[in-house]
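Chain residues, written in single-letter form:
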Amino acid sequence: MTELANMKCEACRADAPKVTDAELAELIRMIPDWGVQVRDGIMQLERVYKFKNFRQAMAFSNKLADLAEEEFHHPGILTEWGKVTVTWWSHSIKGLHRNDFIMAAKTDQLLD
Ligand SMILES: C[C@H](O)[C@H](O)[C@H]1CNC2=NC(N)=NC(=O)C2=N1
């Protein structure tokens, strides 16, 4: 996971390739706390982070927003009392790109 977390996202291009099934199988093993969801036909990575209260959930959400702006790759964030649901996918290709796995690994590092 650390290897992924140290990588940089590449620019989101409409003609960028989605991850292959083989790449998906390899990459998902590197972020074991994340699952794969399919919504409206779009494959996405998702993890729920638990916190003591809303303020801690919001603080994490704000750190994630800063990370997204740094990398210019943005997640879905659902912030609730005591939990934050984070969803990564690439809008430009309506699916999963290597960037999404990099950002999931970087998201996990926000907890350190
Ligand atoms: C215009 C377009 O939204 C931007 O180039 C960036 C912004 N952040 C992004 N975030 C994600 N997750 N996917 C994108 O395709 C994407 N594109």
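Preceding block: the structure.
Overview of the structure.

Calculation criteria
- Residues numbered from 1 in each chain as written.
- Predicted model: local features only at pLDDT ≥ 70, side-chain atom pairs only at ≥ 80, totals over all residues.
- Heavy atoms only, no water.
- Near = heavy atom within 4 Å.
- Polar contact = N/O pair within 3.5 Å; in protein donor to acceptor, adjacent residues only side chain to side chain.
- Areas by Shrake-Rupley, 256 points an atom, 1.4 Å probe, with all protein chains shown as cover.
- Helix = DSSP H or I, 4+ residues; strand = E, 2+ residues; numbered from the N terminus.
- Contact = heavy atoms within 4.5 Å.
- Buried < 20%, exposed > 50% of the residue type's maximum accessible area, 1.4 Å probe, protein only.
- Pairing = 2+ DSSP bridges.
- 1 Å grid on protein atoms, 1.4 Å probe; cavity = no way out; pocket = protein on both sides within 12 Å on 5 of 7 lines; lining within 4 Å.
- Points joined across faces, edges and corners; volume = space filled by probe spheres on them.
- Nonpolar A, V, L, I, M, F, W, Y, C, P; charged D, E, K, R; others polar.
- Core = buried A, V, L, I, M, F, W, Y, C linked by side-chain atoms within 4.5 Å.

## Points about the site of the ligand
Phase 1: Close contacts around the ligand come from C12, F72, H73, H74, W89, S90, H91 and S92, and that covers them all.
Phase 2: Contact between the ligand and W89: a nitrogen atom at 2.7 Å from a main-chain N or O atom of the residue.
Phase 3: Between the ligand and H91 there is a distance of 3.1 Å, counted from a nitrogen atom to a backbone nitrogen or oxygen.
Phase 4: Compared with its free state, where it exposes 390 Å², the ligand has 67% of that area covered by protein.

## Some details on the side chain of T107
Phase 1: Along the chain, T107 falls in helix α4 (residues 98-109).
Phase 2: A distance of 2.6 Å separates a polar side-chain atom of T107 from the backbone oxygen of M103.
Phase 3: With residues near it in sequence (within four places) discarded, T107 still touches W34, Y49, F60, L64, L67, V86 and W88.

## Here's the deal with the pairing of strand β4 (residues 83-88)
Phase 1: For β4, a buried count of 5 out of 6 residues is recorded, marking the element as mostly surrounded by other parts of the structure.
Phase 2: Relative to β4, strand β2 (residues 42-50) runs antiparallel, the two sharing 6 bridges. Each bridged residue has a counterpart across the sheet, and for K50 the counterpart in β4 is K83.
Phase 3: As defined by bridge partners, strand β3 (residues 76-80) adjoins β4 across 5 bridges and the pair is classed as antiparallel. From the neighbouring strand, E80 faces β4, where its bridge partner is K83.

## A word on the pairing of β2
Phase 1: As paired strands, strand β1 (residues 35-39) and β2 are joined by 5 bridges and run antiparallel to one another. Of the residues in β2, the one forming a bridge with Q37 is Q44.
Phase 2: Hairpin remark: β1 followed by β2, antiparallel, with 2 residues in the connecting loop; positive phi at D40, about 50°.

## What about empty space enclosed by the protein?
Phase 1: On inspection of all chains with the given rule, the structure shows 1 cavity of 30 Å³ or more.
Phase 2: The computed volume of the largest cavity comes to approximately 30 Å³.
Phase 3: Every residue lining the largest cavity is listed: A11, C12, R13, A16, S90, S92, I93, H97 and N99.
Phase 4: Split into classes, the residues belonging to the lining of the largest cavity amount to 4 nonpolar, 4 polar and 1 charged.

## Observations regarding the nonpolar core
Phase 1: In terms of nonpolar packing, the biggest core is built from 28 residues, with L4, I31, W34, L45, V86, W88 and F101 touching the most fellow members.
Phase 2: Where this core is concerned, the elements lending two or more residues are α1 (2-5), α2 (21-28), β2, α3 (54-71), β4 and α4.
Phase 3: Broken down by element, this core gets its largest block of residues, 5 residues, from α4.

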